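Tertiary structure, described
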Amino acid sequence: MVMAAVPVAAVLAADVVKTANGSVEGVTEPSGIEVYRGIPFAAPPTGGLRWKPPQPVANWEGVRKAAQFGPRCEQAPIFGDMNFRSSGMGEDCLYLNVWTPGGARGSATGTGGLPVLVYFYGGGFVAGDGSEPRYDGESMARRGVVALTVNYRLGVFGFMAHPELSQESAQHASGNYALLDMAAALQWVQKNIAAFGGDPRKVTIAGESAGSIAVSALMASPLSKELIAGAIGESGALIAPTLPPVPLAKAEAIGAAFASGLGAASLAALRAMPTAEIQAAAAKLPVGHFPAAIDGYLLPRTPAEIFAAGAQARVPLLVGWNSEEGGARAILGGGEPTPAALEKGLRGIYGGRTDEALKLYGGTTAAEVRQAATDLAGDRFIAFSTWKWADLHGRTGGRSVYRYLYARPRPEMVPAMGNAVAGLAGGVVRGADTPAVRPAPAQGAVHSAEIEYAMGNLPTNKVYAWSAEDYKVSEVMQAFFANFVKTGNPNGVALPEWPAANAGDGVSLMRIDVESRAEREAHRARYLFLDSVYGAPAK
């Protein structure tokens, strides 16, 4: 059913809420949900604050209108299918958005307030924004959750380390500004969420892809691990081979080389350069060029080491990945899916361990070879790191871990999309951005396919021809997520029973599809093999 647009004049102001820095006035949606958009949680990281940890917001007088999303953080149009509702783009971008059922204002401590979901967007740490419709918090708020999306610095502005930056830092650290932004947002939540009806003791952090990677880091960091009551990770952890952190000295060397390439002889010169000039140079570099750093401050050790030692946030974790996180071409190249092509691909990766790998990722028919290559591509891209995160936390975290495999493929695009290719962010890529070689049609759930289902936002995506089955999947998945945010347990009335994963062989997981069901882990041997390849900490 298509809903008629609500006239601008019909939009009602929401209650004025007093935050620690000043009062804000949002809007009330036709559903009754109150929305407060574009609330600053840190000072603009511009000028002398470029490449500094987030600083406190200046207080304001009067009532600040919070009807529009703030600017998105500086980024290149890397993912042609991303859809933003933000008011422009720039370095002044540290804003968050709140969706609340309203009428549930708590005390100063939030006693009796609603559970809170803080969601961090994906985009490889180089793109994305809290205004994207797929992350919209209204549907979650209708389920009794105060939902937030948070902007954080990206790419060169979010991760560049540099020797001079470390020298000027009281912590002798640099880089990781994106993660520091998220930690600052969680501090803001602790101070302010009760005024929006939320309970600061019941904060669950969540994210997909880069957002999920960030959640794993925030669970590990001493700056944020005490600020959360639960965590949700959708595809990704800050564990090799997925954008692993590097020693600070290496991150500094990468930053110094970038500055030299720009002709900047000093940090002052770098800070004086126009935003567009820095962004243009960074946009020519591959995703992940500026890695997270083991800086001794936000990350005293790698997350894998912190989780292995049991020094992470001891909170319930709901975590999983999708059935087609990668494509077979990443292993097979452009050739036909034959056993010989698969062996060649594996030999180029694993050398003397190829026979071992073929026992786990092998096949004799074209279909088997294609599936094995797809599985390996997804495992190498992001599934293994997510598995390792879940496995470590299940062993050392002292709280329940709920694992899922999301398997519902997206439906066909609506006919109006014409000659377009599905993009990673749920939209389409067409025109000049359309790949010259069209990828093979997905047989499973591709990377990021679950977001609209989990957040209850299928109606916001007009690209795909959603069916009654898709809405059924979304109803179940969103109920799982909402229950977890409320109680630390996804189980509830009229839902398939989801057992917690244990720490040994035979780990349980929830296969989320049209008919969701609990299963036993079938591919542990694959992940143990990859564990030995990537040299993760011993169990």
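Since the model is a prediction, treat every value here as computed from it, not as a measurement. (Residues numbered from 1 in each chain as written. Predicted model: local features only at pLDDT ≥ 70, side-chain atom pairs only at ≥ 80, totals over all residues. Heavy atoms only, no water.)

Focus on the packing of aromatic side chains
Stated precisely, the cut-off is as follows: Ring geometry is summarised as follows: Phe, Tyr and Trp rings, the Trp one being its six-membered ring, pair when their centres sit within 6.5 Å, and such pairs are stacked at plane angles under 30 degrees, edge-to-face over 60 and tilted between the two. Segments assigned H or I by DSSP are reported as helices when at least four residues long, segments assigned E as strands when at least two residues long, and all are numbered from the N terminus. Burial classification: accessible surface area is computed with a 1.4 Å probe over protein chains only, and a residue below 20% of its type maximum counts as buried, one above 50% as exposed, and the rest as partly exposed. When the NZ atom of lysine or the CZ atom of arginine is within 6 Å of a ring's centre and also within 35 degrees of its normal, the charge is said to sit over that ring.
By the definition in use, this model includes 21 aromatic pairs. Ring geometry for Phe69 and Trp99: centres 6.4 Å apart, planes at 45°, overall tilted. In this pair, Phe69 is assigned in the loop between strand 4 (63–65) and strand 5 (72–73) and Trp99 in strand 7 (residues 95–100), connecting sequence segments 30 residues apart. Classification of Trp99 by relative accessible area gives buried; the value is 1%. Lying over the aromatic face of Trp51, Arg50 brings its terminal NZ or CZ to 5.4 Å of the ring centre. Positioned over the ring face of Trp60 is Arg64, at 5.5 Å from the centre of the ring.

Quick notes on the pairing of strand 8 (residues 114–120)
Note on strand geometry: in a regular strand, side chains alternate between the two faces of the sheet. Counted only if it meets this: Two strands pair if DSSP finds at least two bridges between them.
Counting buried positions over the 7 residues of strand 8 gives 6, a clear majority of the element. Sheet analysis places strand 8 next to strand 9 (residues 146–150), joined by 5 bridges and oriented parallel. Each residue of the ladder has a partner; that of Leu117, found in strand 9, is Ala147.

Re unusual backbone geometry
A cis amide bond links Ala240 to the next residue, Pro241, at an omega of 10°. Of note, Pro241 is situated in the loop between strand 11 (230–234) and strand 12 (246–247). One non-glycine residue with positive phi stands out, namely Trp51, at about 60°. Note on placement: Trp51 falls in the loop between strand 3 (34–40) and strand 4.

Observations regarding helix 5 (residues 210–220)
For helix 5, the tally of buried residues reaches 11 of 11 residues, placing the bulk of the element in the interior. Residues of helix 5 that are buried: Ala210, Gly211, Ser212, Ile213, Ala214, Val215, Ser216, Ala217, Leu218, Met219 and Ala220.

A look at the packing of helix 13 (residues 366–396) against helix 16 (residues 524–534)
To be explicit about the condition: In this analysis an axis means a line fitted to C-alpha atoms, helices contributing only their contacting stretch, and an angle means the value between N-to-C directions, from 0 to 180 degrees. Note that the term roughly parallel is reserved for angles under 35 degrees, roughly antiparallel for angles over 145, roughly perpendicular for angles of 65 to 115, and oblique for everything else. Any two residues whose heavy atoms approach within 4.5 Å at even a single point are treated as in contact. Only Asp, Glu, Lys and Arg are considered charged in this grouping, and only Ala, Val, Leu, Ile, Met, Phe, Trp, Tyr, Cys and Pro are considered nonpolar; every other residue, Gly among them, is considered polar.
Running from N to C, helix 13 and helix 16 cross one another at 90°; their axes reach a closest spacing of 9 Å. Classed by the angle they form, the pair helix 13 and helix 16 counts as roughly perpendicular. Between helix 13, through Asp375, Asp379, Arg380, Phe384, Trp387, Lys388, Asp391 and Arg395, and helix 16, the contact on the second element is made entirely by Arg524, Arg526, Tyr527, Leu528, Leu530, Asp531 and Tyr534. Tallied by class, the residues present in the contact of helix 13 with helix 16 amount to 6 nonpolar, no polar and 9 charged.

What to know about the packing of helix 4 (residues 177–192) against helix 5
To keep it simple, the criterion reads: Handedness of a helix crossing follows the sense of rotation of the near helix relative to the far helix, less than a right angle counterclockwise being left-handed and clockwise being right-handed.
Where helix 4 meets helix 5, the closest approach of the two axes is 10 Å, and the angle between their N-to-C directions is 70°. Our classification of the angle between helix 4 and helix 5 gives roughly perpendicular. Between helix 4 and helix 5 the crossing geometry is right-handed. Residue-level contacts link Leu179, Met182, Ala183 and Leu186 of helix 4 to Ala214, Ala217 and Leu218 of helix 5. Looking at the contact of helix 4 with helix 5 residue by residue, the class counts come to 7 nonpolar, no polar and no charged.

Things to note about the state of the cysteines
Note the cut-off: What counts as a disulfide here is a pair of cysteine sulfur atoms lying within 2.5 Å.
Here the structure, examined in full by the defined rule, presents 1 disulfide. Between Cys73 and Cys93 runs a disulfide, and the two sulfur atoms are separated by 2.1 Å. Residues Cys73 and Cys93 are joined by a disulfide whose S-S torsion is about 90°; by sign, that bridge is right-handed. Here Cys73, found in strand 5, pairs with Cys93, found in the loop between strand 6 (89–90) and strand 7; they are 20 residues apart in sequence, far enough to count as distant. Taken individually, Cys73 and Cys93 each receive the classification buried, so the pair is uniform in this respect.

As for the pattern of salt bridges
Quick note on the threshold: What makes a salt bridge here is a side-chain nitrogen of Lys or Arg within 4 Å of a carboxyl oxygen of Asp or Glu, nothing more.
Inspection of the entire model under this criterion finds 24 salt bridges. Between Glu29 and Arg37 there is a salt bridge whose closest N-O contact spans 3.0 Å. With a closest N to O distance of 3.1 Å, Arg395 and Asp391 form a salt bridge. Of the two residues, Arg395 and Asp391 both sit in helix 13, 4 residues apart, roughly one turn of that helix. For Asp391, a relative accessible area of 8% gives the class buried.

Focus: the environment of Lys359
Counting through the fold element by element, Lys359 comes out in helix 12 (residues 354–360). By relative accessible area, Lys359 is classed as exposed at 74%. Taking C-alpha positions, Lys359 is 9.9 Å from Ala525, a pair spaced 166 residues apart along the chain.

Quick word on the pairing of strand 2 (residues 23–28)
Strand 2 sits mainly inside the fold: 6 of its 6 residues count as buried. Pairing geometry for strand 1 (residues 12–18) and strand 2, over 5 bridges, is antiparallel. Bridge pairing in strand 2 places Val16 opposite Glu25. The antiparallel hairpin formed by strand 1 and strand 2 contains 4 residues in its connecting segment, where Gly22 sits at a positive phi of about 155°. Bridge count for strand 2 against strand 3 is 2 bridges, and the pairing is antiparallel. Across the sheet, Val27 pairs through a bridge with Val35, a residue of strand 3. In sequence, strand 2 turns back onto strand 3 through a hairpin of 5 residues, with Gly32 there showing a positive phi of about 95°.

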